[in-house]
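Read off the chains here:
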Number of protein chains: 2
Amino acid sequence: MAGERMAAEMAEQPDRLAALVARWDGAVAQVRALAWPELAGSVIVARGSSDAAGAYGRYLLELVSRRPVSMAAPSLHTLYGADVDYHRFLAVAVSQSGRTPEILSTLQRMQAEGAAGLAITNDGSSPLARAAQATLALDAGEERAVPATKTVTATMMAFALVAAALGTAPFTREQAAELPAWVAAALADPEPAEVLAAQLADATRLIVVGRGLLYSAALEAALKVRETTRITAEGFSAADLRHGPIAVVEPGYPVLALRAPGPAFADMADLVDDLRRRGADVALVSEEEDAALPLPPGVPEALAPIVAVVRAQQLALALARRRGLDPDAPEGLAKVTVT
Amino acid sequence: MAGERMAAEMAEQPDRLAALVARWDGAVAQVRALAWPELAGSVIVARGSSDAAGAYGRYLLELVSRRPVSMAAPSLHTLYGADVDYHRFLAVAVSQSGRTPEILSTLQRMQAEGAAGLAITNDGSSPLARAAQATLALDAGEERAVPATKTVTATMMAFALVAAALGTAPFTREQAAELPAWVAAALADPEPAEVLAAQLADATRLIVVGRGLLYSAALEAALKVRETTRITAEGFSAADLRHGPIAVVEPGYPVLALRAPGPAFADMADLVDDLRRRGADVALVSEEEDAALPLPPGVPEALAPIVAVVRAQQLALALARRRGLDPDAPEGLAKVTVT
């Protein structure tokens, strides 16, 4: 069956996440031992599907470490030979395979320039893991389907652990322990994604929008749909969408809007109202009753992005199958990329 | 005539840029007086059309200041009340109108948290200018067309001046003085954009790709085309495109590829070859002979993004006119946004 591998790897997520959460104490100790006592800031080195998880980390780490966080521009280091002082910075490099050359050489450069280097990778013996001063191995098992699923949510959970190490995380340890069950509940309920996929059967474009902590999930949802279905899906923050691209929204335009109770909710509510006034077909990913893709009640905003990403995986899989595409091997997409 | 204002404002660019370059000494002195002697890093606060210019600044400033540069996540400050230490950071806030509330309040928060705050705005008496510790006013004159043109290239030039203040810029003062003439030469040659617009007459989607310093111009080109034509245009860095989204490229897919001699050229050349093997219709923005949108020979890579943005403006205008759209007032796009 098309997408069998992707579905199987999606199904592993509760166990993989539970295994990561169980390593809480060790992971926190590892990051604390590594990071500078007087952190000047952090920098996240990521690409492609890791970029969305990186955006999740970017928000969480700045919120919690109370120091500026930057997304690296790897080409400055790999092509331009920029000589940047990363003393007192924590550099977190993300690569599922641990073999993306640009991520590896950027982390090496940053460590040479003074950064404390942490790798988040699925392969604890990969070149990236060996090069980094410390590694949070995802141990999610081999990922054989081309669209990354279990490694994405595991990477997000790893960032949540880094956040817990650097300050007071906006979720409790008990809530983190509950996350695998929330993800399992979503996976046990594939029907909403099937229904939404039927509504989007002829869509050629899709806007996915989130705000604050859920912005990262919007990026990942758009990427997953684009990778598996050839729909031109774009992820936006609510503020950026409103600042211009909203102009393309005409009646019938499909929009996926992610929201959860928290500081960003009111602004998302305004945006959804505006989009609906423009005639957009807005499907909600939220814990509200009328959500197209429901989130479990009680999940804190800071962990909601992980569950929202799982919902988006279900949608991408259902859409691909409806369109006769095999998401396990979408044409033109290579698993290991050399950038 | 449709797009009359946009065309008129585009035509002002050589003079506006020349006026900015003429203020080199004063601008450099102003930034040097403001910035921390021992800079820990910089942060750029920008939205929407300023975001692409911000990306230009992000690359230039890290290269030149040799300290990490971050793109701010405003919602952390405006919604989440994040309490971040910006001591020894330079915060550069960009808003054409100087009235985008989220940009203003983010800069205020950062200054309160220790940042040295610089505003880049077209209105030197705007709330943003008044709130910032120092202001680089663009003085580009009122921008009445909805798609930003002259304020975008002026903002990019302002970032080039900030770069010159913070270190050794990757362009000479003489080259900066030549920029207005290069832009004028492009504006005096609208034919290539007309020809390309004819080829893209029925396009519904467009990928725009750049690498390194030209990545920012790819973002801006995509934004301009999207705003004025309703084509679903997306800007990518070469590395990110290759890391996944390239999967959607099938025979006939229209791609605009930006490149200039410099460290990023070889990688762009590889990508363009790959795209053409996939059957994509790749139009080059470069100084090569076969470029669809030519750049003037001799423009340094670090200033090429500004000329490439002007080329993209011409394309957006020509495409809009061909489609019977008025780029001066695209439906649904408001000039001042409240985010």
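Relevant structure appears above.
Parameters and conventions
- Residues numbered from 1 in each chain as written.
- Chains lettered and ligands numbered in written order.
- Predicted model: local features only at pLDDT ≥ 70, side-chain atom pairs only at ≥ 80, totals over all residues.
- Heavy atoms only, no water.
- Pairing = 2+ DSSP bridges.
- Helix = DSSP H or I, 4+ residues; strand = E, 2+ residues; numbered from the N terminus.
- Contact = heavy atoms within 4.5 Å.
- Buried area = accessible area lost by both parts, 1.4 Å probe.
- Salt bridge = Lys/Arg side-chain N within 4 Å of Asp/Glu carboxyl O.
- Polar contact = N/O pair within 3.5 Å; in protein donor to acceptor, adjacent residues only side chain to side chain.
- Buried < 20%, exposed > 50% of the residue type's maximum accessible area, 1.4 Å probe, protein only.
- Least-squares fit on C-alpha atoms with pLDDT ≥ 70 in both.
- Phe/Tyr/Trp six-rings, centres within 6.5 Å; stacked < 30°, edge-to-face > 60°.
- Lys NZ or Arg CZ within 6 Å of the ring centre and 35° of its normal.

Caption draft 1: How the structure looks around the sheet that holds strand S8 (residues 254-258) of chain A. Residues and elements named next belong to chain A. Strands sit in the order S7-S6-S8-S9-S10 across an open sheet of 5 strands; the sheet is parallel. In the strand order of this sheet, the two ends are held by strand S7 (232-237) and strand S10 (293-294), each with one partner. Where strand S9 (residues 281-286) meets S10, 2 bridges bridge the pair, whose relative direction is parallel. Looking at S10, one finds that Ser286 is bridged to Pro294.

Caption draft 2: Seen up close, the interface of chain B and chain A. Between chain B and chain A, the residue contacts involve 61 residues of the former and 61 residues of the latter. Overall, the association of chain B and chain A removes approximately 5500 Å² of surface from exposure, summing both partners, and the carbon and sulfur fraction of that is 55%. At the junction of chain B and chain A, the tally comes to 12 salt bridges. As a salt-bridge pair, Arg226 of chain B and Glu234 of chain A come within 2.9 Å of each other at their nearest N and O atoms. At the boundary of chain B and chain A, one finds 24 residue pairs in polar contact (both at pLDDT 80 or more).

Caption draft 3: Layout of the side chain of Thr135 of chain B. All names here are of chain B. Residue position: Thr135 is located in strand S5 (residues 134-137). Judged by relative accessible area, Thr135 falls into the buried class, the value being 18%. Within polar-contact distance, the side chain of Thr135 engages the backbone oxygen of Ala129 at 3.2 Å.

Caption draft 4: Seen up close, the relation of the copies chain B and chain A. Placing chain B over chain A gives an RMSD of 0.0 Å and needs a rotation angle of 180°, together with 0.0 Å of translation along the axis. The transformation just described matches what one would write down for a two-fold rotation axis. When C-alpha positions in chain B are compared against the rotation axis, the closest is assigned to Ser70 of chain B, at 2.1 Å. When the interface residues of chain B are mapped onto chain A, 100% of them again fall at the interface, so both copies present the same face.

Caption draft 5: Fine view of the packing of aromatic side chains. Taken as a whole and assessed by the stated rule, the structure comprises 6 aromatic pairs over all chains. The interplanar angle of 90° and the centroid separation of 6.2 Å between the aromatic rings of Trp24 of chain A and Phe171 of chain A together place this pair among those described as edge-to-face. Of the two residues, Trp24 of chain A sits in helix H3 (residues 24-34) while Phe171 of chain A sits in the loop between helix H8 (150-166) and helix H9 (173-187), which places them 147 residues apart along the sequence. As far as the burial class goes, Trp24 of chain A and Phe171 of chain A line up, both buried. Judged by centre distance (5.7 Å) and plane angle (85°), the ring pair of Tyr86 of chain B and Phe89 of chain B falls under edge-to-face. Positioned above the aromatic ring of Tyr59 of chain B is the side chain of Arg58 of chain B, whose terminal nitrogen or guanidinium carbon lies 5.8 Å from the ring centre.

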